[in-house]
Amino acid sequence: MGDDKSKEEAEKIYEQWETRHEKLAYYIEHDELEKVETQLITIKSNIETQNYEELISGIDESIFILKHIEDKYGFNLQNIF
């Protein structure tokens, strides 16, 4: 039952990603977006196969990638100068 909830949540996240991907492509490098999409697919796969060790690792890596994108493309004085 918990696996079904995890699958539903992963699917919701992936759907949100798909709706935002097109707009983000105007501002963020394709390679960066590709990394996020690959991680999301890997997370969904690990949920389906119940590979929880890899799932946790994938989630951690996704967080790292997203924070990197935020730091790289976020509006702050360090990025301006």
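Source: prediction; values computed, not measured.

(A) Geometry of the packing of helix H2 (residues 30-48) against helix H3 (residues 52-73). The geometry of H2 relative to H3 is characterised by a closest axis approach of 9 Å and an angle of 160° between their N-to-C directions. One element, H2, and the other, H3, form an angle in the roughly antiparallel class. The two elements H2 and H3 cross, and the hand of that crossing is left-handed. When H2 is examined against H3, the residues Glu 32, Lys 35, Val 36, Gln 39, Ile 43, Asn 46 and Ile 47 are found in contact with a partner set consisting of Glu 54, Leu 55, Gly 58, Ile 59, Glu 61, Ser 62, Ile 65, Leu 66, His 68, Ile 69, Lys 72 and Tyr 73.

(B) Region of interest: the packing of aromatic side chains. Counted by the stated rule, this structure contains 0 aromatic pairs. Over the face of the ring belonging to Tyr 14 we find Lys 44, whose NZ or CZ atom lies 4.3 Å from the ring centre.

(C) Quick look at the pattern of salt bridges. Using the criterion set out here, one finds 5 salt bridges in the structure. For Glu 9, the salt bridge identified is with Lys 5, shortest N-O distance 3.5 Å. Note that Glu 9 and Lys 5 are positioned in helix H1 (residues 2-24) at a spacing of 4 residues, about one turn of the helix. Under the relative-accessibility criterion, Glu 9 is labelled partly exposed at 31%.

(D) Spotlight on H2. Taking 1.5 Å per residue as the helical rise, H2 with its 19 residues ought to reach 27 Å, and the 27 Å between its terminal C-alpha atoms agrees with that figure. Remark: Gln 50 follows H2 within two positions and exhibits a positive phi of approximately 55°.

Criteria and cut-off values
Residues numbered from 1 in each chain as written. Predicted model: local features only at pLDDT ≥ 70, side-chain atom pairs only at ≥ 80, totals over all residues. Heavy atoms only, no water. Axes fitted to C-alpha atoms, helices over the stretch in contact; angles between N-to-C directions. Helix = DSSP H or I, 4+ residues; strand = E, 2+ residues; numbered from the N terminus. Parallel < 35°, antiparallel > 145°, perpendicular 65-115°, else oblique. Left-handed = near helix turned anticlockwise from the far one by under 90°. Contact = heavy atoms within 4.5 Å. Phe/Tyr/Trp six-rings, centres within 6.5 Å; stacked < 30°, edge-to-face > 60°. Lys NZ or Arg CZ within 6 Å of the ring centre and 35° of its normal. Salt bridge = Lys/Arg side-chain N within 4 Å of Asp/Glu carboxyl O. Buried < 20%, exposed > 50% of the residue type's maximum accessible area, 1.4 Å probe, protein only. Expected span 1.5 Å × (residues − 1).

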